[in-house]
Amino acid sequence: MHFIFSNEVVLLFDFWSVHSPAGMALSVVVVLLLAVLYESIKVGKAKLLYQAAVSLSIPTSQLTEETDQDSSGSDSPPVSRTRLRWFFCHFGQSLIHVVQVVIGYFMMLAVMSYNTWIFFGVILGSAVGYYLAYPLLSMV
């Protein structure tokens with residue numbers, strides 16, 4: 001297999017069939033935006049993980065109190081709320097991860113059309129997404 005420069009391609013689904021230069025340009029823009037979204041989700045997921053770790057961190061004093069209360073047989077409401085918050089944060093991050101994986105596979109399958117224009121759209125979109133999104137990590 002080899003990459004080709006062509007204005008005709010079927011991308012991902014049968015209904016996404018391109019037969020003109022304008023259609024190819026629009027498809028490249030869509031794939032580029034998909035790659036930018038992928039990079040943005042990566043950064044957003046990292047920020048959420050950091051914020052969850054900071055907001056859900058349990059101070060050492062609360063851990064010793066939890067140990068004392070567990071030995072007496074009572075359940076601590078703040079700890080159960082913390083566990084529930086952790087569960088919801090983890091569930092949300094898992095959903096975001098699934099969306100990221102799906103978008104990543106869509107981009108991979110688009111590149112596997114072996115159309116050079118689509119390949120350039122994915123590469124340029126990844127570069128633009130990285131350039132725009134990664135400075136946001138320093139704002140944490």
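Along each chain, the written sequence defines residue order, and numbers are assigned to residues from 1. Only residues with pLDDT of at least 70 get local features here, since the model is predicted, and only at 80 or more are side-chain atom pairs given and counted; chain-wide, interface and lining totals rely on the full set of residues. Think of the side-chain values as coming from all heavy atoms in the structure, minus any hydrogens and water.

For the chain, an unreviewed UniProt entry supplies the name Copper transport protein and the organism Mustela putorius furo. UniProt positions are given in the numbering used here, feature names are shortened, and annotations may be inferred rather than shown by experiment. Quoted verbatim from the Sequence similarities (unreviewed entry) field of UniProt, the annotation for the chain is "Belongs to the copper transporter (Ctr) (TC 1.A.56) family. SLC31A subfamily."

Caption draft 1: The arrangement of the overall build of the chain in detail. Helix and strand definitions here come from DSSP, where helices need a minimum of 4 consecutive H or I residues and strands a minimum of 2 consecutive E residues; each element is numbered from the N-terminal end. When you go through the chain residue by residue, the secondary structure sums to 4 helices and 2 strands. The helix and strand sequence of the chain, counted from the amino end, reads β-β-α-α-α-α. Taking as baseline every contact in the chain between residues at least 6 positions apart, the subset at least 24 positions apart corresponds to 74%. Pairs of residues are marked as contacts when any of their non-hydrogen atoms sit within 4.5 Å.

Caption draft 2: Geometry of a nonpolar patch on the surface. Two joining distances apply to patches: 9 Å for like charges and 5 Å for nonpolar side chains (Val, Leu, Ile, Met, Phe, Trp, Tyr), and every residue must have over 30% relative accessible area and no salt bridge. Every accessible area reported is derived by Shrake-Rupley at a probe size of 1.4 Å, with residue values counting cover from the shown protein chains alone. Counted as salt bridges are all cases of a side-chain nitrogen of Lys or Arg within 4 Å of a carboxyl oxygen of Asp or Glu. Together, Phe-13, Phe-15, Val-98, Val-101, Val-102, Tyr-105, Phe-106, Met-108, Leu-109 and Met-112 make up a nonpolar patch on the protein surface, roughly 940 Å² of accessible area in all. Only protein chains enter the area calculation, which uses a 1.4 Å probe; residues under 20% of their type maximum are buried, those over 50% are exposed, and those in between are partly exposed. On the basis of relative accessible area, Phe-106 is assigned to the partly exposed category, the value being 30%.

Caption draft 3: Quick peek at helix H4 (residues 116-133). Each helix should span, by expectation, one fewer than its residue count multiplied by 1.5 Å. Its 18 residues place the ends of H4 25 Å apart at the C-alpha level, agreeing with the 26 Å of an ideal helix rising 1.5 Å per residue. For H4, the complete set of buried residues consists of Thr-116, Ile-118, Gly-121, Val-122, Gly-125, Gly-129 and Ala-133. Nitrogen and oxygen atoms within 3.5 Å of one another constitute a polar contact, given that in protein one can donate a hydrogen and the other can accept it, and given that sequence-neighbouring residues count only through two side-chain atoms. Between the side-chain oxygen at the start of H4 and the backbone nitrogen of Trp-117 there is a gap of 2.9 Å, and the oxygen is on Asn-115.

Caption draft 4: Expanded view of the packing of aromatic side chains. In this analysis, rings of Phe, Tyr and Trp, with Trp reduced to its six-membered ring, are considered paired at centre separations within 6.5 Å, and the interplanar angle assigns stacked below 30 degrees, edge-to-face beyond 60, and tilted for intermediate values. If you walk through the whole model with that rule in mind, you get 11 aromatic pairs. Seen from their ring centres, Trp-117 and Phe-120 are 6.4 Å apart, and the 75 degrees between their planes marks the pair as edge-to-face. Here Trp-117 and its partner Phe-120 are both found in helix H4, 3 residues apart, which amounts to about one turn of the helix. A relative accessible area of 42% places Phe-120 in the partly exposed class. Among the aromatic residues, ring-to-ring pairing joins Phe-3, Phe-5, Tyr-114, Trp-117, Phe-119 and Phe-120 into one connected group.

Caption draft 5: Fine view of the packing of helix H1 (residues 21-55) against H4. Angles run from 0 to 180 degrees between N-to-C directions of axes, and those axes are lines fitted to C-alpha atoms, restricted for helices to the stretch in contact. Where H1 contacts H4, the two axes come as close as 7 Å, and the packing angle between them is 35 degrees. For the element pair H1 and H4, the recorded crossing hand is right-handed. Residue-level inspection shows Met-24, Ser-27, Val-28, Val-31, Leu-32, Ala-35, Val-36, Glu-39, Ser-40 and Val-43 of H1 in contact with H4, the latter providing Trp-117, Ile-118, Gly-121, Val-122, Leu-124, Gly-125, Ser-126, Val-128, Gly-129, Tyr-130 and Ala-133. Here the contact of H1 with H4 is composed, by residue class, of 14 nonpolar, 6 polar and 1 charged. Here a crossing is taken to be left-handed if its near helix is turned anticlockwise relative to the far helix by less than a right angle, and right-handed if that turn runs clockwise. Gly is placed with the polar residues, together with every amino acid not listed as nonpolar (Ala, Val, Leu, Ile, Met, Phe, Trp, Tyr, Cys and Pro) or charged (Asp, Glu, Lys and Arg).

Caption draft 6: Spatial organisation of the nonpolar core. Counting residues in each nonpolar core, the largest one holds 11 residues, listed as Val-9, Leu-11, Trp-16, Val-18, Met-24, Val-28, Val-31, Ala-110, Val-111, Ile-118 and Val-122. Sorting elements by how many residues they give to this core places H1 first, with 3 residues. Sequence-distant contacts of Val-111, that is, excluding residues within four places in its chain, are made with Phe-3, Ile-118, Phe-119 and Val-122. By convention a nonpolar core is built from buried Ala, Val, Leu, Ile, Met, Phe, Trp, Tyr and Cys residues, the set being connected through side-chain atoms within 4.5 Å. If you look at the next biggest cluster of nonpolar residues, it comprises 5 residues, including Tyr-38, Ile-41, Ile-103 and Met-107.

Caption draft 7: Fine view of the confidence of the model for the chain. Residue-level confidence of the predictor, termed pLDDT, takes values from 0 up to 100. Averaged over every residue, the pLDDT of the chain is 84; residues scoring 70 or more account for 84%. Mean pLDDT values over the elements of the chain span from 49, in helix H2 (residues 60-72), up to 96, in H4. In the model, residues 60-64 has pLDDT below 50 throughout and makes 3 contacts with residues more than four positions away in sequence or in other chains.

Caption draft 8: A look at the UniProt feature "transmembrane region" (unreviewed entry) in the chain. Cross-referencing UniProt, the feature "transmembrane region" (unreviewed entry) maps to residues 20-38, 86-111 and 117-137 in the present numbering. The span residues 117-137 is 81% helical and 0% strand by assignment, and the distance between its end C-alpha atoms comes to 30 Å.

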